[in-house]
Amino acid sequence: MAQNTLVARATPTARAGRVAGTAPAARPTPSAPGAPSGQEADTAPAARGARQDGAAGPRKVAVVTGAGSGIGRAVAQALAAAEWTVVLAGRRATALEETARQLGRGDADSPAVVAVPTDVTRPDEVDALFAAVRDRFGRLDLLFNNAGTFGRAAPLDELTYDDWRSVVDVNLTGSFLCAQAAFRAMKEQEPQGGRIINNGSISAHVPRPHSVAYTATKHAMTGLTKSLSLDGRPYRIACGQIDIGNAATEMTGRMQTGILQADGSTAVEPVMDAADVARTVVHMAALPLEANVQFATVMATNMPYVGRG
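These figures come from a predicted structure and were not determined experimentally.

**Considerations on the pairing of strand 8 (residues 194–199)**
So, point 1. Counting buried positions along strand 8 yields six of six residues, so the element is predominantly enclosed.
So, point 2. Here strand 8 shows a buried face lined by G194, I196 and N198 and a second buried face lined by R195, I197 and N199.
So, point 3. With four bridges connecting them, strand 7 (residues 142–145) and strand 8 associate as parallel partners. If you follow L142 over to strand 8, its bridge partner there is R195.
So, point 4. A crossover links strand 7 with its parallel partner strand 8, the connecting element being helix 4 (residues 161–188), and its sense is right-handed.
So, point 5. One ladder, built from six bridges, connects strand 8 with strand 9 (residues 237–245); its direction is parallel.

Following this line, the structure appears as structure tokens:
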């Protein structure tokens with residue numbers, strides 16, 4: 001793993017001042033990302049590093065949830081390439097480490113990469129994640145609220161309560177908890193403000209068969225996005241949503257082998273590269289806070305969504 005990669009464990013004991021097991025201490029100027037242990041930065045608490053143009057300046061800081069695979073990993077890669085500092089969050093530490101390994105580069109031009117294993121359904125772990133970001137970097141500029149699960153595909157009358165809860169807890173409650181923590185950080189920091197981008201879905205517009213839990217949470221995500229947009233106005237907090245259709249990831253393998261259609265048939269569906277989604281997220285994130293992509297739809301061109309499929 002590259003020198004500038006830190007792997008931290010977000011637990012209830014990880015508070016401001018404790019990152020990757022470091023004991024709490026007053027730090028007027030935290031260590032620069034990638035600096036050797038004990039070396040203090042000569043800048044204010046903010047992610048800093050060499051820019052491609054050779055000038056030193058602050059890097060913007062992003063948290064990406066569900067960063068251990070799929071769209072989360074692709075977005076983390078694209079943000080790192082655009083010189084963001086990227087905080088990787090997700091339940092699987094080994095998957096986060098692999099994402100961090102892919103992003104970490106040993107040269108001075110590479111952005112800082114921090115992996116913080118986090119279960120977004122647990123309020124204490126979400127609080128610890130954002131405390132770690134505040135402690136290490138001093139601010140937060142972007143949350144890509146991406147962690148999610150399809151859950152078990154089943155007819156409505158066969159879906160169990162546990163099936164329902166497992167999807168709602170991750171897709172809706174987890175997104176709310178992360179958005180709330182990011183909102184608090186962005187409201188309290190100086191300068192005030194930041195951006196939240198929620199990962200919606202084509203299912204935020206139309207359902208697939210046997211997807212009631214997933215579809216309900218993605219419709220709810222639209223309400224979360226609108227409320228965050230409204231409540232964030234006084235604090236320069238912008239919120240947008242990207243609705244994705246058939247990005248080729250581990251979660252969408254069924255699209256390429258055959259998936260149930262509305263007419264009862266099974267069909268293989270076109271997919272697109274997750275990197276195409278990531279480019280759109282980076283564009284949304286790069287806008288000044290005076291501008292916002294409220295809703296964007298990125299989909300495989302020929303997937304059965306528009307018209308009759």
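This is not the end of the story, as more comes after the structure.
**Here's the deal with unusual backbone geometry**
So, point 1. The amide bond that connects E190 to the next residue, P191, takes the cis arrangement and shows omega of 0°.
So, point 2. With respect to the helices and strands, P191 occurs in the loop between helix 4 and strand 8.
So, point 3. Positive phi values are uncommon outside glycine, yet R236 reaches one of about 60°.
So, point 4. Examined against the element boundaries, R236 turns out to sit in the loop between helix 5 (212–232) and strand 9.

**Thoughts on the environment of A220**
So, point 1. Looking at the secondary structure, you find A220 in helix 5.
So, point 2. The exposure class of A220 is partly exposed, given its relative accessible area of 27%.
So, point 3. Between the alpha carbons of A220 and A204 there is a distance of 7.9 Å; along the sequence they are 16 residues apart.

**Some details on the nonpolar core**
So, point 1. Residues L79, L88, I242 and V277 are the most contacted members of the largest nonpolar core, which totals 37 residues.
So, point 2. If we skip the residues at most four places from it in the chain, I242 touches F144, I197, N198, N199, G200, S201, V277, T280, V281, M284, A296 and V298.
So, point 3. The next biggest cluster of nonpolar side chains, apart from the first, holds 29 residues, and it includes V126, F137, A147 and L228.

**Structural notes on the pattern of salt bridges**
So, point 1. Across all of its chains, the model carries nine salt bridges by this definition.
So, point 2. The salt bridge partner of R139 is D141, with a shortest N-O separation of 3.0 Å. Per residue, the accessibility class of R139 equals that of D141, and both read buried.
So, point 3. Two residues, E290 and R236, come together in a salt bridge whose shortest N-O distance is 2.8 Å. With E290 in the loop between helix 7 (274–286) and strand 14 (295–299) and R236 in the loop between helix 5 and strand 9, the pair connects residues that are 54 residues apart, well separated along the chain.

**Description of a nonpolar patch on the surface**
So, point 1. A grouping of L156, Y161, W164 and V212 is seen on the molecular surface, where their side chains present a nonpolar patch of about 430 Å² in accessible area.
So, point 2. Y161 sits in the exposed class, given a relative accessible area of 55%.

**Regarding helix 1 (residues 70–81)**
So, point 1. Here helix 1 is 12 residues long and its end C-alpha atoms lie 17 Å apart, about the 16 Å a rise of 1.5 Å per residue gives.
So, point 2. One or two residues past the end of helix 1 sits E83, with phi positive at roughly 70°.

**Regarding the environment of Q192**
So, point 1. Tracing the backbone shows Q192 in the loop between helix 4 and strand 8.
So, point 2. You can call Q192 partly exposed: its relative accessible area is 28%.
So, point 3. Spatially, the C-alpha atom of Q192 lies 6.6 Å from that of R236, the residues being 44 residues apart in sequence.
So, point 4. Setting aside anything within four residues of it in sequence, one finds Q192 in contact with M186, K187, P234, Y235 and R236.

Rules and cut-offs
- Residues numbered from 1 in each chain as written.
- Predicted model: local features only at pLDDT ≥ 70, side-chain atom pairs only at ≥ 80, totals over all residues.
- Heavy atoms only, no water.
- Buried < 20%, exposed > 50% of the residue type's maximum accessible area, 1.4 Å probe, protein only.
- Helix = DSSP H or I, 4+ residues; strand = E, 2+ residues; numbered from the N terminus.
- Pairing = 2+ DSSP bridges.
- Right-handed = clockwise from strand over helix to strand, strands pointing away.
- Core = buried A, V, L, I, M, F, W, Y, C linked by side-chain atoms within 4.5 Å.
- Contact = heavy atoms within 4.5 Å.
- Salt bridge = Lys/Arg side-chain N within 4 Å of Asp/Glu carboxyl O.
- Patch = residues over 30% accessible without salt bridge, like charges linked within 9 Å, V, L, I, M, F, W, Y side chains within 5 Å.
- Areas by Shrake-Rupley, 256 points an atom, 1.4 Å probe, with all protein chains shown as cover.
- Expected span 1.5 Å × (residues − 1).

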